[in-house]
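Given next are the chains, with one letter for each unit.
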Amino acid sequence: MLEELKEKVFRANLQLVEYGLVVLTWGNVSGIDREKGLFVIKPSGVPYSTMTADDMVVMDLDGNKVEGRLNPSSDTPTHLELYRNFKDIGGIVHTHSSWACSWAQAGRDIPAYGTTHADFANGAVPCARGLTEAEVKGEYELNTGKVIVEEFAKRGIKPNECPAVLVHRHGPFTWGKDPFKAVENALILEEVAKMAVRTESVAFADESSNIGIEQYLLDKHYQRKHGKNAYYGQK
């Protein structure tokens, strides 16, 4: 069942290792078949070095395991909630990449400091609010997804205009049109997070520094790559 999608999700998970976005088993990728209403996700706690495409787990949008001999990722309910609410996404990534996690652990948005960020997201990458004790002790992973959806709704952010979020005290989630694009966005997020830390370090050392991208420059870079009249890349 969904053999092609399983292979894609498996290879996308291996990219997390290739790009240095995970250590041990600290990450997962999923991909969805919208027509069938099923998604495929990495199994929980299985080392990347021994994992195969056959180990991928098929889930439905009610949270039931449809196929697979292993337990799905413990983050499956978070992926599920994002697929239910962000209707246009086709793949999701969660990592504990160190630079993005540093912002999440600080409970801070990643500000838009330059055009590299503007090419990626139309504004700051949001850090969602912290979960309450009741939310953590309840359906923790499901509530994580609900808090992400709540944050985007509260701020009026469209998921396709900012394909990433930081979960307070936890780490990043990214998404895209398919599992590979979601991994690409996780890699870009990590670089943007690193640049932002270094930008603040440089600015702190020089009180005359003026950081924060101008809105018109942010708009130009975002629109030239993602707008309806985008001209970046090949047609």
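Presented here is a report on the structure given in the accompanying data block. Not measured: the values here are computed from a predicted model.

Looking now at the overall build of the protein chain. Each helix and strand counted, the protein chain has eight helices and seven strands in total. On C-alpha atoms alone, the protein chain measures out to a radius of gyration of 18 Å, which is about the 18 Å that the 2.2 N^0.38 rule sets for 235 residues. Expressed along its principal axes, the backbone C-alpha trace of the protein chain runs to roughly 60 × 45 × 35 Å. Across the 235 residues that make up the protein chain, the buried fraction comes to 48%. Counting only carbon and sulfur atoms, one obtains 49% of the accessible surface of the protein chain, whose full area is about 11800 Å².

The subject of this paragraph is a nonpolar patch on the surface. On the surface, a nonpolar cluster with roughly 340 Å² of combined accessible area is contributed by Val23, Leu24 and Trp26. By secondary structure assignment, the location of Val23 is in the loop between α1 (3–18) and β1 (27–33).

Strand order in the open sheet formed by seven strands is β4-β3-β2-β1-β5-β7-β6, and the pairing between neighbours is antiparallel. With partners counted over all chains shown, the strands left at the sheet margins are β4 (65–67) and β6 (164–167), one partner each. Each strand axis lies, on average, 25° off the axis of its neighbour in the sheet, ignoring direction. Bridging between strand β2 (residues 38–41) and strand β3 (residues 57–60) involves four bridges; their strand directions are antiparallel. Residue pairing in the sheet places Phe39 in a bridge with Met59 of β3.

Among the secondary structure elements, Thr76 is positioned in helix α2 (residues 76–85). Looking at Thr76, the relative accessible area reads 5%, which means it is buried. C-alpha separation for the pair Thr76 and Ser44, spaced 32 residues apart in sequence, amounts to 9.2 Å. Polar contacts involving the side chain of Thr76 include one to the main-chain carbonyl oxygen of Ser73, which spans 2.6 Å.

Parameters and conventions
Every chain begins its residue count from 1, and numbering advances along the sequence as written. Reporting of local features is limited, given that this is a predicted model, to residues whose pLDDT is at least 70; pairs of side-chain atoms are given and counted only at 80 or more, and all residues count toward the totals for whole chains, interfaces and linings. Side-chain numbers come from the whole structure's heavy atoms, not from hydrogens or water. Numbering of helices and strands runs from the N terminus, with a helix taken as a DSSP run of H or I at least four residues long and a strand as a DSSP run of E at least two residues long. For the radius of gyration, the atoms used are the C-alpha atoms, and the globule rule reads 2.2 Å times the number of residues raised to 0.38. Relative accessibility under 20% of the residue-type maximum defines a buried residue, over 50% an exposed one, and the middle range a partly exposed one, all with a 1.4 Å probe and only protein chains included. Residue burial considers only the protein chains on display, and all accessible areas are found by Shrake-Rupley using a 1.4 Å probe. Residues enter a patch when their relative accessible area is above 30% and they make no salt bridge; the linking distance is 9 Å between like charges and 5 Å between nonpolar side chains (Val, Leu, Ile, Met, Phe, Trp, Tyr). Between Lys or Arg on one side and Asp or Glu on the other, a salt bridge is scored when a side-chain nitrogen of the former is within 4 Å of a carboxyl oxygen of the latter. One bridge is not enough; two strands pair if DSSP finds at least two bridges between them. Axis angles are defined between N-to-C directions and span 0 to 180 degrees, where every axis is a line fitted to C-alpha atoms and, for a helix, only to the segment in contact. N or O atoms within 3.5 Å of each other form a polar contact, as long as, within protein, one can give a hydrogen and the other can take it, and as long as residues adjacent in sequence are counted only when both atoms are side-chain atoms.

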